[in-house]
Amino acid sequence: MRSPLYWLSSTSVAVLCMKAAATPNVDEGAMTAAIPTELLLPPTDPARSMVLGAGILAVAYTYRRVWLNFAPGRKQ
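This structure is a prediction, so every number in the text was calculated from the model and none was measured.

Cut-off values and rules
- Residues numbered from 1 in each chain as written.
- Predicted model: local features only at pLDDT ≥ 70, side-chain atom pairs only at ≥ 80, totals over all residues.
- Heavy atoms only, no water.
- Helix = DSSP H or I, 4+ residues; strand = E, 2+ residues; numbered from the N terminus.
- Contact = heavy atoms within 4.5 Å.
- Expected span 1.5 Å × (residues − 1).
- Buried < 20%, exposed > 50% of the residue type's maximum accessible area, 1.4 Å probe, protein only.

(A) Local environment of the overall build of the protein chain. Secondary structure assignment for the protein chain yields three helices and zero strands. Sequence-ordered secondary structure for the protein chain, helices as α and strands as β, is α-α-α. The contacts of the protein chain with a sequence gap of at least 6 include a subset with a gap of at least 24, amounting to 68%.

Okay, here's the thing in structure tokens:
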């Protein structure tokens, strides 16, 4: 895969995962009136989402470097 396409797809996956991690997923039908909604919603942490995105891009970079190291035509 060409480098710009690889990085565009990797960045897209990282951004999608960051958005999913930052958005609490709560089933509205499961909430009851007896429990305050503040207790059911997990705290959103933007820093945790950014670390997740950076981790995905780090894995993508490492995978690409390994792929290039074992590319055909490269002397081992």
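(B) Structural view of helix α3 (residues 46-69). With 24 residues, α3 should cover 34 Å at 1.5 Å per step; its first-to-last C-alpha distance of 35 Å lies within 8% of that length. The set of residues buried in α3 consists of Ser-49, Gly-53, Ala-60 and Arg-64.

(C) Looking closely at the environment of Ala-47. Its place among the elements puts Ala-47 in helix α3. Judged by its relative accessible area of 41%, Ala-47 is partly exposed.

(D) Layout of the side chain of Ser-49. On the secondary structure map, Ser-49 appears in helix α3. Ser-49 sits in the buried class, given a relative accessible area of 5%. The contact partners of Ser-49, leaving out residues within four places of it in the chain, are Met-18, Ala-21 and Ala-22.

(E) Representation of the environment of Trp-7 within the structure. Mapping Trp-7 onto the fold places it in helix α1 (residues 3-22). Considering only alpha carbons, one finds Trp-7 and Leu-57, 50 residues apart in sequence, at a separation of 8.5 Å. The residues contacting Trp-7, other than those within four sequence positions of it, are Leu-57, Ala-60, Tyr-61 and Arg-64.

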